[in-house]
Amino acid sequence: MAGNRPLIKHSRKGRRRLLLAVGLLAAPVLVFWFSLPKPLFNDPLSAVLLAADGRLLDARLAADEQWRFPRLKSFPNRFFQVLLQYEDRRFFLHPGVDLLAVARAAAQNLKQQRIVSGGSTITMQVIRSARKNRSRTFLEKVREMFLALRLEMSYSKKEILALYAAHAPFGGNIVGVDAASWFYFNRSAEALSWAEAAFLAVLPNDPGLISGMKNRRLLQEKRNRLLGRLHERAILSTLEYSLACAENIPTGPRPVPRLATHLLSTLTAVKPGECLFQTQIQPRLQEILLRIVQNEGEKLLAKNIRNLAALVIDNRRGTVAAYVGNVTRDHRAEHGQDVDLIQSPRSTGSILKPFLYAALLHEGGLTPRTLIADTPVHFIGYIPENFDRRFRGAVPAREALAWSLNIPAIHMLRQYGIPRFYNLLKKWGMTTLSRPPGGYGLTLILGGAEGTLYQITRMYAGLVQLAMGDAGKRSEIRLLPDDKIRPLPMSDLGPAAAFLTLEALTEVNRPDQEGFWKQFNSSKWVAWKTGTSFGLRDAWSIGMTPAYTVGVWAGNADGEGNPNLTGLSTSAPVLFDILQGLDTGGAVPAPNLWLQEITVCRDSGFLASGLCPAVSTRMPRESHFTQVCPYHQLVHLELSRRFRVDSRCESVARMVHVPWFVLPPLPEYYFRRYHPEYRVLPPFRQDCAGLVQAESGRQVMSLVYPEVNTAVYIPVDLDGKPGQVVFEAVHRRPETTIYWHIDDRYLTATRQFHQIAVDPAPGPHLLVLIDEQGRRLERRFRVLNRSR
């Protein structure tokens, strides 16, 4: 055993020596393999916005103040063909280092006694760019060759060409062929001509030549020599060569296009890890929209309306076709010009009314002709009014929508239900509804909600898509091709309800603030809606055609109100200016498969009975409208038709039985002002006193205020004395005297104008009105505790 110990010791030394030898041999291999930096390039990129056809819309400097565009997936073959002829003809033959080129460069340098050629391959130039163009020393050249060999082992030739194209210098702070193509020729690298490709191929060799007339002549000569080489190698025909040489070279970089500044800002904010944004924007339409917004914005500025935004959606493609988020001026931040108002939540005004109308049509809650009350209503701390501060008594639902009347919209919302409509809006894409339904109340339909121009225009485009498609269509409006958005389930409405809503909006005819009637006429089929928020802070206009949906918002970004700011006078002219430049695509055809005809009373829009003149109206096939007309009744008149009678005071043989359209007293009071053809019920003949006594007060009188179960708030005046509240009533015959009582205490009598000012004590009360015929109307109300 002892004799074996030297052998064991000797074998251990041998293994150590072997391992040491292997380590010494492997070290260079490991150094070589791990010598390539990872990542090879870590330079920041510019944010770039492209149109649907690849055209540059806008761009931002990279973080290091360079114009360095992200590489597209496409391959600029013409540029690479020219580049290889100029820089590295044996690129696909060598392993990263061209020994023939190195030998030739060494001979030239020795002959000239100075460095005139480096013999660098494209792969070596990629390494030089990755090492930030360090000083050209012999040792640095060796490192570049060493790393070039390593680079070729990990990257394909095509990938190395792409790296060169993305990081080569092209003068000033322009880096990469993608940026250079746009800055010098306003086109992508894939669309370069032979002359343009040759220009960009020679420029990185000496980027400073782009400045100065003399330098540009040298640059042109270098380009033409390269074109001659292409001609010699039969890459260019004689004609192509002649035409290419005739092309002028650029005098310098072009300014960056600023066609969608706010859109690029929004995209970089919501997608912070991305730099290249390929949109579906149509560049010609974008230029038109930008020009209109800028021109109209300057006009509005004279009225102290400082901001304007517009959006165009292509309904057939389901894409955003043009996007201008704000006007652009000097001192942009001063007036909020940096804010993208297409994405900013604003008060919706009355712009949501069509969706409520469509929802009621779909479920059979009304017909287009159904009368909706338009009379004064009161809520605690809130008294809504129509924009023109008038009441019409009762208005067909279709006209109430076309005229954008507020009071009928409130009645429609109460009928449909606030929570139901709230949930419907959220389902259709209004993510800006941040409060619960009760937090909005009835103001949800009058501007209490918050919405963005982008969301609301998408919803209107969904109406058009639905009206022109089938019942199962799900609307998709995309800003970017790869947007992973949830489709708008507008099919909840059905094509018929969507079409009938658009049809009503083709008849938009609204009063302006002075009370005059205005209507925008156009030879094109356009359904459109305007909206104005409370306090005159937001002006909306949405226009729909088969091809496009256009949304316009005007106002002040800081929320400042303006007496000149209304949808009709401010944003609607911009809307129609935009529509005039669009091929709108005819008219939306009626989806007859989804429509049905029903017979309704001509005057009321409810289902016809035998007592009214009947007309046909279209309704969604899936709806079930069942309400029979409550306003037509059979009236018994004497032969002269001047007085009402019945069998207790006149024989049946001497009666005339006439169908009569009778509204309740309160709607009738206002309705008569706008409808001179309306006939008031004749009075009872004097000898029919029993009929007068049998007639209830509700049939001849109505209280405008207080309403049923109203809580009345009476503030204390500044002098500390209690204020007063005005109660108002109407009578079918205004000249009739009405006697007013509260809690069995007589107050006063009124004639013609039935209003009184009172100061009841806090607590519950009973108001009683008695007319001179003894007809009685009662109303209970409660007075809240007074506070200053």
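Since the structure is predicted, the reported quantities are computational estimates derived from the model, not experimental observations. (Residues numbered from 1 in each chain as written. Predicted model: local features only at pLDDT ≥ 70, side-chain atom pairs only at ≥ 80, totals over all residues. Heavy atoms only, no water.)

Participant: Would you take a moment to explain the sheet that holds strand 6 (residues 307–314) for this structure?
Facilitator: The pairing of strands in a sheet happens through backbone hydrogen bonds and is either parallel or antiparallel. Reading across from one edge, 7-6-16-15-14 is the order of the 5 strands in this open sheet, with antiparallel pairing throughout. The sheet terminates laterally at strand 7 (319–324) and strand 14 (527–532), the two strands that pair on one side only. Between one strand axis and the next, the sheet turns by 10 degrees as a mean value, whatever way the strands run. Where strand 6 meets strand 7, 5 bridges bridge the pair, whose relative direction is antiparallel. Pairing of valine 312 across the sheet is with alanine 322, part of strand 7. (Pairing = 2+ DSSP bridges. Helix = DSSP H or I, 4+ residues; strand = E, 2+ residues; numbered from the N terminus. Axes fitted to C-alpha atoms, helices over the stretch in contact; angles between N-to-C directions.)

Participant: Just to check I follow, could you spell out the sheet that holds strand 21 (residues 701–705) for this structure?
Facilitator: The strand order across the open sheet formed by 3 strands is 21-23-26, and the pairing between neighbours is antiparallel. The open sheet is flanked by strand 21 and strand 26 (755–758), the only strands paired with a single partner. Ignoring which end each strand starts from, the neighbouring axes of this sheet average 25 degrees apart. Pairing of strand 21 with strand 23 (residues 725–731), which is carried by 4 bridges, proceeds in the antiparallel orientation. Bridge pairing in strand 23 places methionine 701 opposite histidine 731.

Participant: Is there a simple way to explain the packing of helix 2 (residues 77–87) against helix 8 (residues 194–202) in this structure?
Facilitator: When two helices pack together, you describe them by how their axes are tilted relative to each other and by the distance separating the axes. It is at 9 Å that the axes of helix 2 and helix 8 come closest, and there the two elements cross at 45 degrees. When the interaxial angle is binned, helix 2 and helix 8 end up oblique. For the pair helix 2 and helix 8, the sense of crossing is right-handed. Facing Arg78, Phe79, Gln81, Val82, Leu83, Tyr86 and Glu87 of helix 2, the residues of helix 8 in contact are Trp194, Ala197, Ala198, Leu200, Ala201 and Val202. Its residues assigned to classes, the contact of helix 2 with helix 8 comprises 10 nonpolar, 1 polar and 2 charged. (Parallel < 35°, antiparallel > 145°, perpendicular 65-115°, else oblique. Left-handed = near helix turned anticlockwise from the far one by under 90°. Contact = heavy atoms within 4.5 Å. Nonpolar A, V, L, I, M, F, W, Y, C, P; charged D, E, K, R; others polar.)

Participant: Before we go on, may I ask you to explain the environment of alanine 461 in this structure?
Facilitator: When you line up the elements, alanine 461 lands in helix 18 (residues 453–468). On a C-alpha basis, the gap between alanine 461 and isoleucine 542 in space is 9.6 Å, while along the polypeptide they are 81 residues apart. The residues contacting alanine 461, other than those within four sequence positions of it, are Ile313, Asn315, Ile477 and Thr549.

Participant: Before we go on, may I ask you to explain helix 15 (residues 406–416) in this structure?
Facilitator: The periodicity of an α-helix, 3.6 residues per turn, causes residues three or four positions apart to be oriented the same way. Within helix 15, 8 of the 11 residues are buried, leaving the element largely enclosed by the surrounding structure. Structurally, helix 15 contributes buried residues whose contacts are with helix 13 (353–363), strand 9 (371–374), helix 14 (397–402) and helix 16 (418–427). Phi turns positive one or two residues past the end of helix 15, at glycine 417, with a value near 105 degrees. (Buried < 20%, exposed > 50% of the residue type's maximum accessible area, 1.4 Å probe, protein only.)

Participant: Is there a simple way to think about the state of the cysteines in this case?
Facilitator: Here a disulfide denotes one covalent bond, and it connects the sulfur atoms of two cysteines. Under the counting rule described, the total for this entry stands at 2 disulfides. Each disulfide pairs two cysteine sulfurs, and for cysteine 601 the partner residue is cysteine 612, the sulfurs being separated by 2.0 Å. Taking the torsion about the S-S bond as the criterion, the cysteine 601 to cysteine 612 disulfide, at about -75 degrees, is left-handed. Here the residue cysteine 601 occupies a position in strand 17 (residues 595–601), and cysteine 612 occupies one in the loop between strand 17 and strand 18 (614–620), the gap between them amounting to 11 residues. For cysteine 612, a relative accessible area of 10% corresponds to the buried category. Each sulfur in the disulfide pair cysteine 649 and cysteine 688 lies 1.8 Å from the other. Between cysteine 649 and cysteine 688, the S-S dihedral sits near 90 degrees, and the bridge is therefore right-handed. Note that cysteine 649 is positioned in the loop between strand 19 (632–638) and strand 20 (655–661) and cysteine 688 in the loop between helix 21 (665–674) and helix 22 (689–694), a separation of 39 residues in sequence. (Disulfide = S-S within 2.5 Å.)

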